[in-house]
Amino acid sequence: MGRRQYAAILRKDLIRELRTREMLVSMFLFVMLALVIFHFAFSVRAGTDLTYFTGGMLWVTFVFGALLGLNRSFAQEKDEACLDGLLLCPVDRVTIFLAKMSGNLIYLLVIQVLAVPVFSLFFIKTSYAVHLGPFLLVVLLADLGICALGTLLATISMSSRARDLLLPIVFLPLVVPVLIAATAATTGIFARGDGLGSLGGKLLFLAVYDAIFLVAAYGTYEFAIGE
Amino acid sequence: MALKKLGSPAALFVGAAAFLVTGLLLAFWYAPTDASTMGFSQKIFYFHAPIAECALLAFAVAFVAAVQYLRTQKSVYDRLGYVSVRLGLLFSLLVMATGMIWGKAAWGVWWAWEPRLTTFLVVCLLYAAYFVLRQTVEDETRRATFAAVFAIIAFVDVPLTFFATRFMPAGLHPVVFTTGGARMEGSMLFTFCLTMIGMTLLLAALLRLELAEQALKEELDELKIRAEAGA
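Since this is a predicted model, take the numbers as computed values, not measurements. (Residues numbered from 1 in each chain as written. Chains lettered and ligands numbered in written order. Predicted model: local features only at pLDDT ≥ 70, side-chain atom pairs only at ≥ 80, totals over all residues.)

**So, the overall build of chain A**
When you go through chain A residue by residue, the secondary structure sums to eight helices and zero strands. The principal-axis extent of the C-alpha atoms belonging to chain A is close to 60 × 35 × 30 Å. Within chain A, the fraction of its 227 residues that count as buried is 45%. Considering only intrachain contacts with a sequence separation of at least 6, the fraction spanning at least 24 residues in chain A is 86%. (Helix = DSSP H or I, 4+ residues; strand = E, 2+ residues; numbered from the N terminus. Buried ≥ 20, exposed ≤ 12 C-beta atoms within 10 Å, placed from the backbone. Contact = placed C-beta atoms within 7 Å.)

Structure, rendered in structure tokens:
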């Protein structure tokens, strides 16, 4: 695997995004809108405490936000036939996967850095500053799984006739385990103040999930991206 | 292929029928009624559990076929993968149906977010997506390749989903599907083994039949194209 090629592809993606900003802006707006909509959907009574819904709200928002970005990240490549150029370069397919995945991971992290403070302002009544460490770990592990799986599936779905219609249908059922574990962990942190000790099982699960799908993507990406 | 060594579809069907009918008779007149809270409703277990095992077995076959396809690029493995997923999905739907009937009899509700039932719900959605994926890719080699990649990651995802459901807060209903291994009485275990073998034979018979049908269908398509070209 070429480190320089990896850096070059990642740099290209980031520069293009910084010039147009279309993905980041729409992802961020989507996340904000989702949080506002969640407020209206769940505040059934005046003064309802939504703390126990926090994990669910956050991860549903992030998964759908990531979906938005994943679709775009390959649509651009396909539209101007950039992908053909990329495939003609003497680059290992796995390097392309890792670079693309890192790009998607960075976008998702940027969105989260912006969205989590707003989210806590809206929904969390107590201070959770002490739990920031475990929460960060949950976010990183879950994001890695979402992006590894999402990049692989986005590559497949962009070559299909349905394109962005197909991605959610194949991606969402596969991401259910991450959603369950991350939601349980996040709710535990915010609602019960769980520390690393009681989160151990969920963190381990997320790490195993990441490892499995990184290996699966490593083995199958060559076939997914095609000739 | 190894499937051919199993015998003709007709022989497999006869074997499956013999085992399943004997199992059904034994379930009612030989195996005792469950002593725990399950009572009579436990009888459905003799069909519910073998169907579940066969669904997972079919997906496992699809997984192996997918790996073989990616290694060899032979279309026969794509065909095998396709029919196995189709049968696996059919069996999964049957698992849900029998599970819901059992749930209604044992807990009084049609649906409970019990880990195994939840897993099969996700599995159904997951493998339904397999067909959407196949539908939307036109190029044959591409379709086969993508389907194989998806069948591999889908199969890997099944145990992960099952483990993850354990993180959900337990609902009203306890996990009572523990009639496994050592906790089963001898006569129950014997009956269960019979229906298990019968169901597996049924799966093998259906697989062979579907494979043959699919092969004929493809041959017919080819002949049609040739006839059109000739006319």
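Now, onward.
**Examining the overall build of chain B**
Check the secondary structure of chain B and you find six helices and zero strands. Order of helices (α) and strands (β) in chain B, N terminus to C terminus: α-α-α-α-α-α. Looking at chain B residue by residue over its 231 residues, the buried ones come to 39%. A sequence separation of at least 24 residues applies to 80% of the contacts in chain B between residues at least 6 apart.

**As for helix H5 (residues 140-165) of chain B**
The terminal C-alpha atoms of H5(B) lie 36 Å apart, and with 26 residues this matches the ideal 38 Å at 1.5 Å per residue to within 8%. Bending of H5(B) peaks at approximately 25° at the position of Val158(B), with proline Pro159(B) no more than four residues after it. (Expected span 1.5 Å × (residues − 1). Bend = angle between axes of the 7 residues up to and from the residue.)

**With respect to the interface of chain B and chain A**
Across the contact, 27 residues belong to chain B and 24 residues belong to chain A. Among the elements of the structure, helix H4 (115-136) and H5 of chain B are those that each provide at least two residues to the side of chain B that touches chain A. For the side of chain B that touches chain A, the element with the highest residue contribution is H5(B), accounting for 15 residues. When its residues are assigned to classes, the side of chain B that touches chain A shows 20 nonpolar, four polar and three charged. (Nonpolar A, V, L, I, M, F, W, Y, C, P; charged D, E, K, R; others polar.)

**Topic: unusual backbone geometry**
Positioned with a positive phi, Arg21(A) is a non-glycine residue whose angle comes to about 60°. By the element assignment, Arg21(A) lies in the loop between helix H1 (3-20) and helix H2 (22-42). Given 11 C-beta atoms within 10 Å, Arg21(A) falls into the exposed group. Unusually for a residue other than glycine, Gln73(B) sits at a positive phi of about 60°. Mapping Gln73(B) onto the fold places it in the loop between helix H2 (45-72) and helix H3 (75-107). Judged by the 14 C-beta atoms lying within 10 Å of it, Gln73(B) falls in the partly exposed class.

**Focus on the nonpolar core**
Core analysis: the largest hydrophobic core is formed by 135 residues, its most contacted members being Ala58(B), Ala62(B), Phe150(B), Ala151(B) and Leu203(B). Apart from residues lying up to four places away in sequence, Phe150(B) is in contact with Val170(A), Tyr130(B) and Leu133(B). (Core = buried A, V, L, I, M, F, W, Y, C linked by C-beta atoms within 7 Å.)

**Here's the deal with the environment of Gly103(A)**
Here Gly103(A) shows up in helix H5 (residues 93-123). Beyond its immediate stretch of four places on either side in the chain, Gly103(A) contacts Leu10(A), Asp13(A), Leu14(A) and Ser73(A).

**Quick notes on helix H8 (residues 196-225) of chain A**
At Gly219(A), H8(A) shows its maximal bend, which comes to roughly 50°. Positive phi shows up at Gly226(A), right after H8(A), with a value of about 75°.

**A word on the confidence of the model for chain A**
In the predicted model, chain A carries a mean pLDDT of 87, and the fraction of residues at 70 or more is 98%. Within chain A, the element-level pLDDT minimum falls on helix H4 (residues 82-88) of chain A, averaging 84, and the maximum on helix H6 (residues 132-158) of chain A, averaging 92. (pLDDT = per-residue confidence, 0-100.)

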